[in-house]
Amino acid sequence: MNNYENLSSYTKDELITLIEIYSKNWLALDGVWFQSIEQKFGMDEAMYHDKEAWRRFTVIEARRIKDFLKLKDNSGIEGLAKALKLRFYANINADKIEIDGNILTYSAVDCRVQTARKRKGMPFHPCKMVGIIEYSEFAKVIDERFTCECVSCYPDITDDTCCCKWKFTL
């Protein structure tokens, strides 16, 4: 049995559950490699590798989503909104997208990474530096005209209604 035959034997609801499982597995892998480096070499070394991994991964993820959605180059606010909804994170984190003219604001209302670190008694992940790379590069694949700025992200929380907030301006 090939993979298509195997997957086609599941219901739509089962496949949606499987996507959630795959997303959690991806996040677990992202977390365990990071924590391995963090525990052996410290946060600074782990953050260096995290930035480099995300610099590459976010572009790959954005290109594949862009292709899947058949988005044209420079597909604007609507294209970015559609693409953000299909990221791995979107399957397992609660988020919110607001559009006002040529500005899209993306908020991670609940973040599994920070929740897990809190549960384990670990300090919060200082994700702002990585987020700047991740969200800026993702948006530029969808539309090269975007600029991205951090509104709120650990360690610089300015909005306590969410875990992080990003503003994309076209």
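We now turn to the structure provided with this report. Everything quoted here is computed from the prediction, not taken from an experiment.

Considerations on the packing of helix H4 (residues 76-84) against helix H6 (residues 128-142)
Relative orientation of the contacting elements H4 and H6 amounts to 125 degrees, with a least axis distance of 9 Å. As far as their axial angle goes, H6 and H4 are oblique. Every pair of crossing elements has a handedness; the one defined by H4 and H6 is right-handed. For the pair formed by H4 and H6, the contact residues are Gly-79, Leu-80, Ala-83 and Leu-84 on the first element and Phe-138, Ala-139 and Ile-142 on the second. The residue inventory of the contact of H4 with H6, partitioned by class, reads six nonpolar, one polar and no charged.

Digging into helix H5 (residues 112-119)
The complete set of buried residues in H5 reads Gln-114, Ala-116 and Arg-117. Along the long axis of H5, the arc covered by the buried residues comes to 160 degrees, so they all point the same way. Those residues of H5 that are exposed and angled more than 90 degrees off the buried face are Lys-118 and Arg-119. Buried positions along H5 lie against helix H2 (12-41) and helix H3 (43-69). Where H5 ends, the next residue or the one after it, Gly-121, has phi of about 75 degrees, a positive value.

Brief notes about the sheet that holds strand E3 (residues 147-153)
Reading across from one edge, E1-E2-E4-E3 is the order of the four strands in this open sheet, with antiparallel pairing throughout. Strands with a single pairing partner mark the edges of an open sheet, and in this sheet they are strand E1 (94-100) and E3. Between one strand axis and the next, the sheet turns through 15 degrees on average, direction left out of account. Against the sheet, H4 makes contact with E1, strand E2 (103-110) and strand E4 (164-169), and its axis sits at roughly 15 degrees relative to E2, the strand it touches most. Docked against the sheet, H6 engages E2, E3 and E4, running at close to 35 degrees with respect to E4.

Remarks on the packing of aromatic side chains
This model, assessed by the stated rule, comprises 12 aromatic pairs. Centroid distance Trp-26 to Phe-57: 5.9 Å. Interplanar angle 25 degrees. Geometry classified as stacked. Separated by 31 residues along the polypeptide, Trp-26 in helix H2 and Phe-57 in helix H3 bring together distant segments of the chain. Seen in terms of ring centroids, Trp-54 and Phe-57 are 5.4 Å apart; in terms of plane orientation they differ by 85 degrees. Their pairing is edge-to-face. A residue pair is termed a helical-turn pair when its members lie 3 or 4 positions apart in one helix, as Trp-54 and Phe-57 do in helix H3 at three residues. Residue Trp-54 is classed as buried on the basis of its relative accessible area of 4%. Looking at Phe-57, the relative accessible area reads 25%, which means it is partly exposed. Here the aromatic residues Trp-26, Trp-54, Phe-57, Phe-88 and Tyr-89 are joined through ring pairs into a cluster of three or more. Looking at Arg-87, its charged tip hangs above the ring of Phe-138, at a distance of 4.5 Å from the centre.

Cut-offs used in this document
- Residues numbered from 1 in each chain as written.
- Predicted model: local features only at pLDDT ≥ 70, side-chain atom pairs only at ≥ 80, totals over all residues.
- Heavy atoms only, no water.
- Axes fitted to C-alpha atoms, helices over the stretch in contact; angles between N-to-C directions.
- Helix = DSSP H or I, 4+ residues; strand = E, 2+ residues; numbered from the N terminus.
- Parallel < 35°, antiparallel > 145°, perpendicular 65-115°, else oblique.
- Left-handed = near helix turned anticlockwise from the far one by under 90°.
- Contact = heavy atoms within 4.5 Å.
- Nonpolar A, V, L, I, M, F, W, Y, C, P; charged D, E, K, R; others polar.
- Buried < 20%, exposed > 50% of the residue type's maximum accessible area, 1.4 Å probe, protein only.
- Arc of directions from axis to C-beta.
- Pairing = 2+ DSSP bridges.
- Phe/Tyr/Trp six-rings, centres within 6.5 Å; stacked < 30°, edge-to-face > 60°.
- Lys NZ or Arg CZ within 6 Å of the ring centre and 35° of its normal.

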